[in-house]
Amino acid sequence: MHCGIEFEYLLIDLGGATPARLRDFSNLPFEQISAWLEDKPGRDDAELATGDLGIKRGYWYLEGNERFHDDGRFRTLDVKGVEIRTPPAADVETALQRLVAIETQLSAALARHGLGLAITAFNPVRAPYAYDPPLNAWEAAMRAEHRAYDGSHISTLSYGPDINLSMPGWSNAQCLDAARKLHHYAPWIVPFSFASPFAHGQRWPGWSKRTFERAPLRPAVKLYLAADALAAAPLDTTLAHPARIAHEVGRIEFKAFDAMPDFAVLRGCCHLLVGLCLAEDLRAHRECSDVEAVDVALYQRAARLGFADPQLRAGAEPLLASARAALLASGDAVGAQALAPLAALLHAERTPAHAMVAQWQAGGPMFRPGGFAQSNAP
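The rules behind these values
- Residues numbered from 1 in each chain as written.
- Predicted model: local features only at pLDDT ≥ 70, side-chain atom pairs only at ≥ 80, totals over all residues.
- Heavy atoms only, no water.
- Buried < 20%, exposed > 50% of the residue type's maximum accessible area, 1.4 Å probe, protein only.
- Helix = DSSP H or I, 4+ residues; strand = E, 2+ residues; numbered from the N terminus.
- Arc of directions from axis to C-beta.
- Contact = heavy atoms within 4.5 Å.
- Pairing = 2+ DSSP bridges.
- Axes fitted to C-alpha atoms, helices over the stretch in contact; angles between N-to-C directions.
- Parallel < 35°, antiparallel > 145°, perpendicular 65-115°, else oblique.
- Nonpolar A, V, L, I, M, F, W, Y, C, P; charged D, E, K, R; others polar.
- Salt bridge = Lys/Arg side-chain N within 4 Å of Asp/Glu carboxyl O.

1. Here we look at helix H3 (residues 137-145)
Logical step 1: Those residues of H3 that sit buried are Glu139, Met142 and Arg143. Viewed end-on, H3 has its buried residues packed into an arc of 95°, placing them on one side of the element. With respect to the buried face of H3, the exposed residues turned more than 90 degrees away are Ala137, Ala144 and Glu145.
Logical step 2: If you follow the buried residues of H3, they end up packed against strand E3 (60-68) and helix H4 (152-155).

2. Quick notes on the side chain of Ser166
Logical step 1: Structurally, Ser166 is set in strand E6 (residues 161-166).
Logical step 2: If sequence neighbours within four positions are ignored, Ser166 has contacts with Met1, His2, Gly250 and Arg251.

3. Examining the pairing of strand E9 (residues 221-225)
Logical step 1: Counting buried positions over the five residues of E9 gives five, a clear majority of the element.
Logical step 2: Here E9 shows two buried faces, one formed by Val221, Leu223 and Leu225 and the other by Lys222 and Tyr224.
Logical step 3: Note that E9 and strand E11 (residues 251-254) share four bridges and pair antiparallel. When the bridges of E11 are listed, Tyr224 appears paired with Arg251.

4. Quick word on the packing of helix H5 (residues 172-189) against helix H10 (residues 296-305)
Logical step 1: Where H5 meets H10, the closest approach of the two axes is 8 Å, and the angle between their N-to-C directions is 30°. In this view, H5 runs roughly parallel relative to H10, as classed from their interaxial angle. Touching His183, Ala186, Pro187 and Trp188 of H5 are Leu298, Tyr299 and Ala302, all from H10.
Logical step 2: A per-class count over the contact of H5 with H10 returns six nonpolar, one polar and no charged.

5. Quick notes on the environment of Pro318
Logical step 1: Take Pro318: it is sitting in helix H11 (residues 310-329).
Logical step 2: C-alpha separation for the pair Pro318 and Leu282, spaced 36 residues apart in sequence, amounts to 9.4 Å.

6. Some points on the pairing of E11
Logical step 1: With burial as the criterion, each face of E11 is covered, one bearing Arg251 and Glu253 and the other bearing Ile252 and Phe254.
Logical step 2: Bridge analysis of E6 against E11 gives three bridges, and the strand direction is antiparallel. Paired with Leu165 across the bridge in E11 is Ile252.

7. So, the pattern of salt bridges
Logical step 1: According to the stated counting rule, one finds 20 salt bridges in the structure shown.
Logical step 2: When the shortest N-O distance is used, the salt bridge between Arg21 and Asp13 registers 2.9 Å.
Logical step 3: With a relative accessible area of 34%, Arg21 lands in the partly exposed category.
Logical step 4: Residue class for Asp13 comes out buried when judged on its relative accessible area of 7%.
Logical step 5: One salt bridge in this structure joins Arg43 and Glu38, with 2.6 Å as the shortest N-O distance.
Logical step 6: What makes Glu38 partly exposed here is its relative accessible area of 40%.
Logical step 7: Salt bridges sharing common partners tie together Asp162, Arg244, Glu248, Arg251, Glu253 and Lys255.

Rendered as structure tokens:
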């Protein structure tokens, strides 16, 4: 199963008068930071989509909320941070190695300007994001037409990984079944990643502010299929989207995990998704009368309680076991072993956010300074 990883980071000051200060739309002009990061790897990689504006070019790019003039011309980007995306890899382990390698290059480019990376899943200090200036008529009309802009007031404050998987040779029906499976079981597995226990400079009463706010607004899973095939034989689904480039065909994009600060947890979550896609003993999604409904209440209960909730714990346990069995059956002992940190979290009824709270209570920041290259990544 091929894999590509996108991961969103905050930006912070490395030193100077305000060490560890968060840098974003409130204090970091797009024109300045975009010039600093323009020289980057992967600018000509044809396997990656670049977006309508061409901003998303290369193995890293700035993320945030796009703003336009009243005639539709691009005006600026309200920067929330920077995203790394790996080129498609033949397996999860290679994709993770590429993520760390690109992150090392990005960190060096940022350090030349006194900036560094940090990881959390929700901006822990910024006040609610508001459009400044307010949306003009052209922007309002465009956003009403394109649902991808829904929830920008939350996505501009939140951070997560997109885990992209594809299985060469799978039919559209097989891809859709796997996407529906991940969509259906997402509320039980997202607590493995929870990493946003702060908001507005305070302890939020739960473990994932991002999940709590995001669930009603944004999809957990997207599936990209050939545009002509979708047009010729439309599928009864809201998960499928026309592929923008040939390399996207068959891509399943899981978007519901928090940006977790622990590399071992990220690794485990990637392999968990692969195992769930391969597992043949999971049938609840096929028996669900409305398989693509979003259980917002369950997501939000998970966001507050994590694995301390008995129902979530009871649901996650068999999913982890099924994924492990499927990985072993496919000959992927490495992937099966990578699930061990997730099993430990489940057994202890903890999430990555628990360690973040402990760090803060000991006088540390409300985020994990540095990226994976500075931590326990190989």
